[in-house]
Amino acid sequence: MTTLLSQTFFARDALEVARDLVGATLRHGPVALRITEVEAYRWPDDSANHCHRGPTARNAPMWGPPGRAYLYRCYGLHTLLNLVTGPEGEGAAVLIRAAEPLEGLETIQGRRGGLDGPALLCGPGRVGAALGLDLSFNHHPVTEPGGLEAHAGRPGVRLVFGPRVGVDYAEPRHAAAPWRVADAGSRWVSHRRGLTRSAP
DNA sequence: TCTACGATCTTT
DNA sequence: AAGATCGTAGAT
């Protein structure tokens, strides 16, 4: 049996939540995924964060209560899933970058054109596709039963850290910050290069 | 309104 | 190495 993560769990600094989300489970219908790689988009000092320039229509979910979904469309085709962190009124979230399939493999493969192996779930666009998400999931509470849910996993995962992917537009100190977190022992991790044992 | 482009992935 | 493909931000 598993338990839903609480709103309190998400009401912390994005980096802390990111560390604790690795190993947790995402569920949506027949699909269950074990989170293996995430990135923290922190508040207030993070120029890579979508909220860095203040509220907009797109980033509205990030300013809302913790434990909600923030989805956004990237490059016109990929739907990227974030989980909102920190207290309401602060714009922070954790991007889900990769996961390992636990249940619903056939459903995932159906959504991904029958692919197999880590290519199925390594990369944030693939995670969104595997879970069958779209922008209508914005604001959805993953701390409540029904629809997309986040459940606690087993603690004690060995973690590795590194710079976030695709944030070269940010200030160098933010682009280089080791705010990407992954399961050291998992093969379901994208861009393994750049990850080290040293915590930030 | 208009324009440029992105927290990406696939194919060449 | 480049194309797909569109919502959004920032400019006008």
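Refer to the structure presented above.
Residues numbered from 1 in each chain as written. Chains lettered and ligands numbered in written order. Predicted model: local features only at pLDDT ≥ 70, side-chain atom pairs only at ≥ 80, totals over all residues. Heavy atoms only, no water.

Participant: Could you clarify how one ought to interpret the nonpolar core in this entry?
Facilitator: Most often, soluble globular proteins have nonpolar side chains that are buried together. Ranked by size, the top nonpolar core spans 42 residues in total, and within it Phe10, Leu21, Leu81, Ile96 and Leu131 carry the most contacts. Contributing elements (two or more residues each) for this core: helix 1 (7-10), helix 2 (14-21), strand 2 (31-41), strand 3 (69-74), strand 4 (78-84), strand 5 (93-103), helix 5 (124-130) and strand 7 (159-162). Residues in contact with leucine 131, not counting those within four places in the same chain, are Leu26, His28, Val31, Leu33, Leu81, Arg111 and Leu148. With 15 residues, the next largest nonpolar core counts Cys51, Tyr70, Ala93 and Ala175 among its residues. (Core = buried A, V, L, I, M, F, W, Y, C linked by side-chain atoms within 4.5 Å. Buried < 20%, exposed > 50% of the residue type's maximum accessible area, 1.4 Å probe, protein only. Helix = DSSP H or I, 4+ residues; strand = E, 2+ residues; numbered from the N terminus. Contact = heavy atoms within 4.5 Å.)

Participant: How should the state of the cysteines be read in this particular structure?
Facilitator: In the structure shown here, the tally under the stated rule is zero disulfides. Cysteine cysteine 74 shares no disulfide, and the gap to the nearest cysteine sulfur, in cysteine 51, comes to 16 Å. According to the relative accessible area criterion, cysteine 74 is buried, its value standing at 14%. The closest cysteine sulfur to the non-disulfide-bonded cysteine 122 is located on cysteine 74, 17 Å from its own sulfur. (Disulfide = S-S within 2.5 Å.)

Participant: Teacher, can you tell me more about the protein's contact with DNA strand B here?
Facilitator: Neighbouring residues of DNA strand B: 21 residues in total, closest His78, Asn82, Arg112, Arg126 and Tyr169. Backbone atoms, meaning sugar and phosphate, form 52% of the atoms of DNA strand B found within 4 Å of the protein. Residue histidine 50 places a side-chain N or O atom 2.8 Å away from a base nitrogen belonging to DNA strand B. Asparagine 82 is positioned with one of its side-chain polar atoms (N or O) 2.4 Å from a base nitrogen of DNA strand B. (Near = heavy atom within 4 Å. Polar contact = N/O pair within 3.5 Å; in protein donor to acceptor, adjacent residues only side chain to side chain.)

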